[in-house]
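A look at the structure
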Amino acid sequence: MHSISSAMAAKTNPRAITVRIARDPNDLMLVTAIRSAVYLTEQDCPMEEEFDGNDLVAAHFLGFVGKEPAGCVRVRFFGDFAKVERLAVRHQYRRSRLSFKLVREALDYCRRKGFKKAYGHAQDRLVDFWARFGAKPLGHNRKLTFSDFSYTEMVLDLEPCDDAITLDSDPYMIIRPEGDWDRPGVLDLSAGRPASSPLHDFAAARP
C-alpha cells in the first residue's frame, strides 16, 4: 500500500501490479480520469451520476501496472459496515489481476479499520466476480437499478485484523496518514518539540 514499495516494484518489473491509497489532488485526478474512461466513455454513464458527490468523503485506491495508472476503487464508511464501490479498470489492463488486487487491498483496509462487514452493489453480470471474495447476495430481493444497469446487493463477512485500530490503539497511530498506520508520520516527529504554542501563553495571560 506504500507508494515507496510501489515505485520500487515498477522499476524492477514494468508489468508489476501495485496498489496504493490516494492521498492528494493529483491522485484524485487520476481516479477521475480512470473512472471517466470506464464509466463515462464505455458505459455511457452521465457525469452527474458517476461523480455523485461522495468522492471527497471516501477512501480511494489506485492500481498501477508498472508506472501506468490502470484502475481504482472507492470505499465509504457507515456505522457497522464499509461499502466497496466504483471499481474501475481500464480496458487494456483487464486481462491482468489488477481488479482482484484492488478489491483485496480495499477489503484488507476495511479489516484494519475494524469493520466486520463489507457491502456493495454488483452489476448482475459481475455477481460471480464478487463471489470469489466470499461476497453473497444480501437476500432482501430488492430491485436495484441505476445508471441503466441492474444491480445485486452483496455482503461480505470480514474478520477484523488482530491489529485492527481501536480506541485502545496508540493515539499517534490514529492520527497518521490513512493506510500508513505502522510508520511514524509527521505528527509523530512534531512530538519531539515542547508544547510551546503561542495560544498556550495567550490563555495563561487571560484574567
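Since this is a predicted model, take the numbers as computed values, not measurements.

Counting buried positions along strand S3 (residues 68-77) yields eight of ten residues, so the element is predominantly enclosed. Counting the residues that bridge the hairpin from strand S2 (residues 59-65) to S3 gives two residues, and of these Gly66 lies at a positive phi of roughly 65°. With six bridges joining them, S3 and strand S4 (residues 82-89) adopt antiparallel strand pairing. Along S4, the bridge assignment pairs Arg76 with Lys83. Between S3 and S4, which pair antiparallel in sequence order, lie four residues.

Let us look at the pairing of S2. Of all the seven residues making up S2, seven are buried; the element is thus mostly covered by neighbouring parts of the structure. Here five bridges tie strand S1 (residues 17-21) to S2, and the two strands are oriented antiparallel to one another. Its bridge partner being in S2, Ile17 is matched across the sheet by Val65. Bridging between S2 and S3 involves seven bridges; their strand directions are antiparallel. Opposite Phe64, over in S3, you have Pro69 as the bridge partner.

Moving on: helix H4 (residues 98-112). For H4, with 15 residues, the first-to-last C-alpha span of 21 Å sits near the 21 Å given by 1.5 Å per residue. Where burial is concerned, most of H4 is hidden: eleven out of the 15 residues are buried. Those residues of H4 that sit buried are Leu98, Ser99, Phe100, Leu102, Val103, Glu105, Ala106, Leu107, Tyr109, Cys110 and Arg112. Backbone geometry just downstream of H4 places Gly114 in the positive-phi region, at approximately 90°.

Here is what the cut-offs are and how they apply
Residues numbered from 1 in each chain as written. Predicted model: local features only at pLDDT ≥ 70, side-chain atom pairs only at ≥ 80, totals over all residues. Heavy atoms only, no water. Buried < 20%, exposed > 50% of the residue type's maximum accessible area, 1.4 Å probe, protein only. Helix = DSSP H or I, 4+ residues; strand = E, 2+ residues; numbered from the N terminus. Pairing = 2+ DSSP bridges. Expected span 1.5 Å × (residues − 1).

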